[in-house]
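# Inside the fold
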Amino acid sequence: MASSLILRASRRFVKPAYAASLLIPTQQFVSQSPTTPSPPFKPTQLQNFNFEFRKSVGCVSNFHLVAYLSTSPSKEDNKQSGNVSSSGAGDTSWIDLYLPRQVQPYARLARLDKPIGTWLLLWPCMWSISLAATPGQLPDFKMMALFGCGALLLRGAGCTVNDLLDRDIDTMVERTKLRPVASGLLTPFQGLCFLGFQLLLGLGILLQLNNYSRILGASSLLLVFSYPLMKRFTFWPQAYLGLTFNWGALLGWAAVKGSLDPSVVLPLYASGVFWTLVYDTIYAHQDKEDDLKVGVKSTALRFGDSTKEWISGFGIACLGGLAVSGFNAEIGWPYYASLAAASGHLGWQIWTVDLSSRADCNRKFVSNKWFGAIIFGGILAGRLSS
């Protein structure tokens, strides 16, 4: 019955002689008697028939749609055939959709398609700026906007430095082998030029701050440029990343006040370092097998099966530092309520993370943007109520 309906539809749009020729494969497969030996089955015959039929009745929307869907490649087919985007992953990001092809490798070099790093760099800045605000008032929004742009640029510059120094290592790690420099999409010279462009824009932001902040901000570049080398020499590169990523805890206060209050900013800075040790150790568990092969070090390898005990201690130290900083800043009670909520979030991460699953490690790592947001909301509410 199905074949007769198809024949009726095709007669309206196809010459009779051609329609009859299209039915030959059907007769071969369904019109033979059970006693007649069938010729060897060739999958290409059916595929050719489907293609010719779709071609002949393309103006019949229903048949066209079904034929197209049945032959379109799935995500799994794309992976198997090697049809991946320029990012090196099967998923298409906004970079592939909206940016010119010539610009896409630079956007990926700066990790613009992965904003979690920018958030993790920005939150300590926002905490510090908000703590430095006048009691009962909102923080300086212009300053927050400047630090937002600065975090985006500095994170991109750090990723560029990392990819330039690690280009040989990245080719041997599954997660990083298709990064722009490692894969050859960009040459090291192009990466250096892009790095200079990012630093020039960052300098424009830094010059809008006071002199004290300019010196303090410029000094962070030493950490930014040396961090990628740490994994070659120590099992604690995550601690060094913490020193780098949380520099904004010092800089934000200095940009508002023109100086530093050690009783507030040092506990805040230390809490950020401990926080980084939690989330970046979880992150490092994604690459521990590759790191062993390549010969680089991490806290994931250092802690091994004791990772959850270690990061639990780091989490407690992080929350303790935040409590001390808020107390010394004479912040209101809502801040401590946010600390309770943040401790629940941090505990959930540590308790539920499956350190043998790359996907789950990445999910827990990305969720830290909410930890930063909870602390930021508590500081805002506490400062307005103090």
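Just so you know, the residues in each chain are numbered from 1, in the order the chain's sequence is written. Residue-level local features of this predicted model are given only where pLDDT is at least 70; pairs of side-chain atoms are given and counted only at 80 or more, and the full residue set underlies all totals for whole chains, interfaces and linings. Think of the side-chain values as coming from all heavy atoms in the structure, minus any hydrogens and water.

## Brief notes about the packing of helix α9 (residues 116–131) against helix α10 (residues 141–165)
Where helices are involved, their axes are fitted lines through C-alpha atoms of the stretch in contact, as for all axes, and angles between N-to-C directions lie from 0 to 180°. By definition, any uninterrupted DSSP run of H or I lasting at least four residues is a helix, any uninterrupted run of E lasting at least two residues is a strand, and each is numbered from the N terminus. Closest axis-to-axis distance for the α9/α10 pair is 9 Å, and the angle between their directions is 150°. Viewed along their axes, α9 and α10 adopt a mutual orientation that is roughly antiparallel. The interaxial crossing formed by α9 with α10 has right-handed handedness. Side by side, α9 and α10 meet where Gly117, Thr118, Leu121, Leu122, Cys125, Met126 and Ile129 of the first sit next to Met143, Met144, Phe147, Gly148, Ala151, Leu152, Leu154 and Arg155 of the second. Throughout this entry, Asp, Glu, Lys and Arg are counted as charged residues, while Ala, Val, Leu, Ile, Met, Phe, Trp, Tyr, Cys and Pro are counted as nonpolar. The remaining residues, Gly among them, count as polar. Within the contact of α9 with α10, the residues separate by chemical class into 11 nonpolar, 3 polar and 1 charged. For classification purposes, an angle smaller than 35 degrees is called roughly parallel, one larger than 145 roughly antiparallel, one from 65 to 115 roughly perpendicular, and anything else oblique. By convention the crossing between two helices is left-handed if the near helix lies anticlockwise of the far one by an angle smaller than a right angle, and right-handed if it lies clockwise. Contacts were defined at the residue level, with two residues in contact if any of their heavy atoms lie within 4.5 Å.

## A short note on the packing of aromatic side chains
Here a Phe, Tyr or Trp ring, Trp counted by its six-membered ring, pairs with any other such ring whose centre lies within 6.5 Å, and the pair is stacked when the planes are under 30 degrees apart, edge-to-face when over 60, and tilted otherwise. Tallied over the full model, the rule gives 17 aromatic pairs. Ring centres of phenylalanine 274 and phenylalanine 314 lie 6.3 Å apart, and the angle between their planes is 25°; this geometry places the pair in the stacked category. Pair noted here: phenylalanine 274 is in helix α17 (residues 262–284) and phenylalanine 314 is in helix α20 (residues 307–328), with a separation of 40 residues, a long-range link. The exposure class assigned to phenylalanine 314 is buried, which follows from its relative accessible area of 9%. Joined through ring pairs, the aromatic side chains of Trp127, Trp275, Tyr279, Tyr283, Phe365 and Phe371 make up one cluster. Note that lysine 257 overlies the ring of tryptophan 253, its terminal NZ or CZ placed 5.6 Å from the centroid. Of note, lysine 297 hangs over the ring of phenylalanine 235, and the distance from its end group to the ring centre comes to 5.7 Å. Relative accessible area decides the class of each residue, using a 1.4 Å probe on protein chains only: under 20% of the type maximum gives buried, over 50% gives exposed, and in between gives partly exposed. Put simply, a charge is over a ring when the Lys NZ or the Arg CZ is close to the ring centre, within 6 Å, and near the line of the ring normal, within 35 degrees.

## Focus on the layout of surface pockets
Cavities and pockets are found on a 1 Å grid laid over the protein atoms alone: a cavity is a set of points where a 1.4 Å probe fits but cannot escape, a pocket is an open set with protein on both sides within 12 Å along at least five of seven lines, and a lining residue has an atom within 4 Å of such a point. Grid points are joined across faces, edges and corners, and a volume is the space filled by probe spheres set on the points. Computed from the structure, the second largest pocket encloses a volume of approximately 480 Å³. In terms of lining residues, the second largest pocket is bounded by 25 residues, among which Gly150, Leu154, Leu206, Gly217 and Leu251 are the most central. Those elements giving two or more residues to the lining of the second largest pocket turn out to be α9, α10, α13 (188–206), α14 (211–226), α15 (237–245) and α16 (248–257). For the lining of the second largest pocket, the element with the most residues is α10, which contributes 7 residues. Its residues assigned to classes, the lining of the second largest pocket comprises 18 nonpolar, 7 polar and no charged.

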